[in-house]
Amino acid sequence: MDNVCDDQVYSELFRTHSKTVFNYIYYKFGNEEKAQDAVQEAFVKLWENCAKVAPEKAKAFVYTVANNLYLNVIKAEKVRLKHRPAEGNITRQDPEYLMEEAQFQAKLEAALDSLPENQRTTFLLNRIDGKKYHEIAEMEGVSVKAIEKRMGLALKALREIIDGI
């Protein structure tokens, strides 16, 4: 990669990283539209600063900008993460099963909401997005040991809250 200002390099960076940056911001804050806006604005800022950002630093730049943009929105709105119920096909399952499933979903959502932001983000990025600890550490700007600690605390808290999962 020569220069981020090159259309092909920039397009490749966008194609490679936009989805994971979106997931990172979405898991961290829980608002799909605003996460998409933050990602788009972060890539616009990358383009505006393409001459100043080395291609190998572009990924970290985009993560940092997207995170900072969204932190500014959160400060202004004080939004908490909200999980939308799954929109699935209606099936003719046993009503008891459906009731238990709804109770479990509510318990899981409450458990995830009760986690501190850094633990929730780490848990969702690892378990839902399949990110490795070193990838999460790079996104968050912390050590792998810190991510391991967050994950351990998140799992312990979830086990205690959900009991039996």
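Keep in mind it's a predicted model, so treat the numbers as computed, not measured. Along each chain, the written sequence defines residue order, and numbers are assigned to residues from 1. Note on the predicted model: pLDDT of at least 70 is required for a residue's local features to be given, and 80 or more for side-chain atom pairs to be given and counted; whole-chain, interface and lining totals, by contrast, use all residues. Side-chain calculation: all heavy atoms of the structure are included, whereas hydrogens and water are not.

Q: How do you make sense of the packing of helix α1 (residues 7-29) against helix α5 (residues 117-127) when you look at a structure like this?
A: Two packed helices can be described by the angle between their axes and the distance between those axes. Fitted lines through C-alpha atoms serve as axes, helices being fitted only where they are in contact, and the angles separating the N-to-C directions of these axes extend from 0 to 180 degrees. A helix here means a DSSP run of H or I that spans at least four residues, while a strand means a run of E at least two residues long, and both kinds are numbered starting from the N terminus. As a packed pair, α1 and α5 sit with axes 8 Å apart at the nearest point and diverge in direction by 135°. Classed by the angle they form, the pair α1 and α5 counts as oblique. Pair α1 / α5 crosses with right-handed handedness. Seen from α1, the contacting residues are Tyr-24, Tyr-27, Lys-28 and Phe-29; seen from α5, they are Glu-117, Arg-120, Thr-121, Leu-124 and Leu-125. When an angle is under 35 degrees it counts as roughly parallel; over 145 it counts as roughly antiparallel; between 65 and 115 it counts as roughly perpendicular; any other value is oblique. By the definition used in this description, the sense in which the near helix is turned from the far one sets the handedness, with an anticlockwise turn below a right angle giving left-handed and a clockwise turn giving right-handed. What makes two residues a contact is simply this: any of their non-hydrogen atoms within 4.5 Å.

Q: Is there a simple way to explain the packing of α5 against helix α6 (residues 133-140) in this structure?
A: Packing of α5 against α6 leaves a shortest axis separation of 10 Å and a crossing angle of 135°. In terms of axis orientation, α5 runs oblique to α6. The element α5 and its partner α6 pack so that their crossing is right-handed. Side by side, α5 and α6 meet where Thr-121, Thr-122, Leu-125 and Asn-126 of the first sit next to Tyr-133, Ile-136, Met-139 and Glu-140 of the second.

Q: Explain the environment of Leu-69 to me, please; I cannot follow it from the model alone.
A: Assignment of secondary structure puts Leu-69 in helix α3 (residues 58-77). A relative accessible area of 15% means that Leu-69 is categorised as buried. With residues near it in sequence (within four places) discarded, Leu-69 still touches Ala-38, Glu-41, Ala-42 and Lys-45. Each residue is placed in one exposure class: buried if its accessible area under a 1.4 Å probe, protein chains only, is under 20% of its type's maximum, exposed if it is over 50%, and partly exposed if it falls in between.

Q: Looking at this structure, how should I read the environment of Ala-58?
A: Along the polypeptide, Ala-58 turns up in helix α3. Since its relative accessible area comes to 1%, Ala-58 is described here as buried. Along the backbone, Ala-58 and Phe-14 are 44 residues apart, and their C-alpha atoms lie at a distance of 9.9 Å. Once residues lying within four places of it in the same chain are set aside, the contact partners of Ala-58 are Val-4, Leu-13, Leu-46 and Val-53.

Q: What is the right way to read the side chain of Thr-121 from this model?
A: As for its position among the elements, Thr-121 is in helix α5. For Thr-121, a relative accessible area of 1% gives the class buried. Residue contacts for Thr-121: discarding those within four places in its chain leaves Tyr-24, Tyr-27, Lys-28 and Glu-140.

Q: I tried to follow helix α7 (residues 144-162) on my own but got confused; where do I start?
A: Quick reminder: α-helices carry 3.6 residues per turn. Residues three or four places apart thus point the same way. One less than the residue count of a helix, multiplied by 1.5 Å, gives the span that helix is expected to have. A rise of 1.5 Å per residue sets the reference length of α7, with its 19 residues, at 27 Å; its end C-alpha atoms lie 26 Å apart and thus fit the reference within 8%. Here α7 has its buried residues at Ile-147, Arg-150, Met-151, Ala-154, Leu-155, Ala-157, Leu-158 and Ile-162. The buried side chains of α7 occupy one side of the element, clustering within an arc of 170° when seen end-on. Away from the buried face of α7 by more than 90 degrees, exposed residues Lys-145, Lys-149, Arg-159 and Glu-160 are located. Buried positions along α7 lie against α4 (95-114), α5 and α6. To be clear, the arc concerns the directions from the helix axis to the C-beta atoms.

Remember, this is a structural readout, not a statement about activity or role.
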